[in-house]
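# Chain and residue survey
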Amino acid sequence: MQKRKKSKHYHITSFQIIILGFLSVILIGSLLLMLPIATRSGNGASFSDALFTATSAVCVTGLIIHDTATYWSVFGQSIILLLIQIGGMGIVTIAVSIAAVSGRKIGLMQRSTMQEAIAAPNVGGIVRRTKFILKTAISVELIGAAVLAPVFCRDFGFFKGIWYALFHSISAFCNAGFDLIGAKKPFSSLTSYSVQPVVNITIMALIIIGGIGFLTWEDIKNNKWHFKKYRMQSKVILAVTAALILLPAIYFYFFEFSRLPFPERVWTSLFQSVTPRTAGFNTADLTLMSEVGQMLMIMLMLTGGSPGSTAGGMKTTTLAVLVSSALSVFRKKEHTQFFKRRIPDNTIRNAATIFLMYVTLFLVGGMIISGIEEIPLITALFETASAIGTVGLSLGITPELGIASHMILICLMFFGRVGGLTLIFAAISEKTSNGSKYPQEKITVG
């Protein structure tokens, strides 16, 4: 008798669904941006330019080849804004929200995928959380647009002002960094509003709210000011976010912007400490900053936002776990802990893996671009940090880069948005042996 060959049954995982979702939206967005109606010239964009812009929008980065206000038509700007909204909220979140609103039954696979997408602790209550996320996002974006509208209506007229207010509110909340102020001066971002308090406060608030994560919102909603009742993750996110805003702002105030008048010095220092956390707007000329200041911006860009948020990047919790782990080693403590809660060893391993991947890709990408384009290494590293951190800040070289460098930035933007572990788990869907059959031997590190 012939032995039957065992057939392998492959099934798509939640990680693969997330990857395919992002890729599909980027492709569709690229094709729409190639239409003649998408550009002001009526000629349409080339595929490479459309792909770069669509990837930057879906990955909520903000790096651009063409000025958004002067190159793209209202139709093109609308496509970019839609891609930003989908990318910021997450493809899975949008899909589950539509299904829930239409009354469809949400299956276990969809719930599991949603859990991965928003970094929820469990599958239970995931549909309720999705509805909460959608309602909160829409409410915050509309409030932000309403606050910005008087300023933009004054500067650009009523209808254009309303459109600008909505565009910048969604872009800031989704941590995208796309702007339309190029209508005043191309590639100027928000530099013309460096001392405008309404624009500064609103944009910074939207960036922070979008970047702290959906589950942190839920904690704030449920527990209000009772900080002790928050999840450990929410406590860590809020503490790290506050530190990463306050400390860089102090440095910028005393060293980078010390020559500015007092009000502008305060606003500029605060804004530049908030925006590297995956937002991409700027109210100062970054090329005038010292190399130390630019290096600090690179470190902030690599850190990124928080898990389950509209932001990308390495994540604040990854940095927190690595710092806490190092401190536990210095103090000769057996376990890493936050707020009297122990961190599992696999979380520390994941954090170390993510950090290594981000730093390696950031450095290798920067060195390749520096070599290809013959530009200073720190300038190239600024762009690669901005791409992999899904930030969008630039020293002004992105439009001048060649196609090869643009493709490197596209790959880094995609990696930074979907996450390194998501890509790896999507490629390796089956669990592999942990190697426990091998004998254990100690290795000395450090």
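Before reading further, recall that the structure is shown in the block above.
Residues numbered from 1 in each chain as written. Predicted model: local features only at pLDDT ≥ 70, side-chain atom pairs only at ≥ 80, totals over all residues. Heavy atoms only, no water.

### A short note on the side chain of T303
With respect to the helices and strands, the residue T303 is situated in helix α13 (residues 291-303). Owing to a relative accessible area of 6%, T303 belongs among the buried residues under this scheme. When neighbours within four sequence positions are excluded, T303 is seen to be in contact with L244, G313, M314, K315, T316 and L319. (Helix = DSSP H or I, 4+ residues; strand = E, 2+ residues; numbered from the N terminus. Buried < 20%, exposed > 50% of the residue type's maximum accessible area, 1.4 Å probe, protein only. Contact = heavy atoms within 4.5 Å.)

### Here we look at the packing of aromatic side chains
Inspection of the entire model under this criterion finds 16 aromatic pairs. Taking the centre distance of 6.5 Å and the plane angle of 70 degrees together, the rings of F152 and Y164 count as edge-to-face. Of this pair, F152 sits in helix α7 (residues 126-156) while Y164 sits in helix α8 (residues 158-173), and the two are 12 residues apart along the sequence. Looking at F152, the relative accessible area reads 1%, which means it is buried. Pairing F227 with F339 gives two aromatic rings, centres 6.2 Å apart and planes at 70 degrees, and the pair type is edge-to-face. Here F339 lies in the loop between β1 (337-338) and β2 (341-342) and F227 lies in the loop between α10 (214-223) and α11 (232-256), a separation of 112 residues in the sequence. We classify F227 as partly exposed; its relative accessible area is 34%. We classify F339 as partly exposed; its relative accessible area is 39%. An aromatic cluster is present here, built from F152, F156, Y164 and Y193 joined pairwise through their rings. (Phe/Tyr/Trp six-rings, centres within 6.5 Å; stacked < 30°, edge-to-face > 60°.)

### Looking at the pattern of salt bridges
Enumeration according to the criterion identifies four salt bridges in this entry. As a salt-bridge pair, D155 and R154 come within 2.9 Å of each other at their nearest N and O atoms. The exposure class assigned to D155 is partly exposed, which follows from its relative accessible area of 30%. You can call R154 exposed: its relative accessible area is 57%. For E218, the salt bridge identified is with R231, shortest N-O distance 2.9 Å. Taken together, the residues E218 in helix α10 and R231 in the loop between α10 and α11 connect sequence positions 13 residues apart. Of the residues examined, R231 reaches a relative accessible area of 28% and is grouped as partly exposed. (Salt bridge = Lys/Arg side-chain N within 4 Å of Asp/Glu carboxyl O.)

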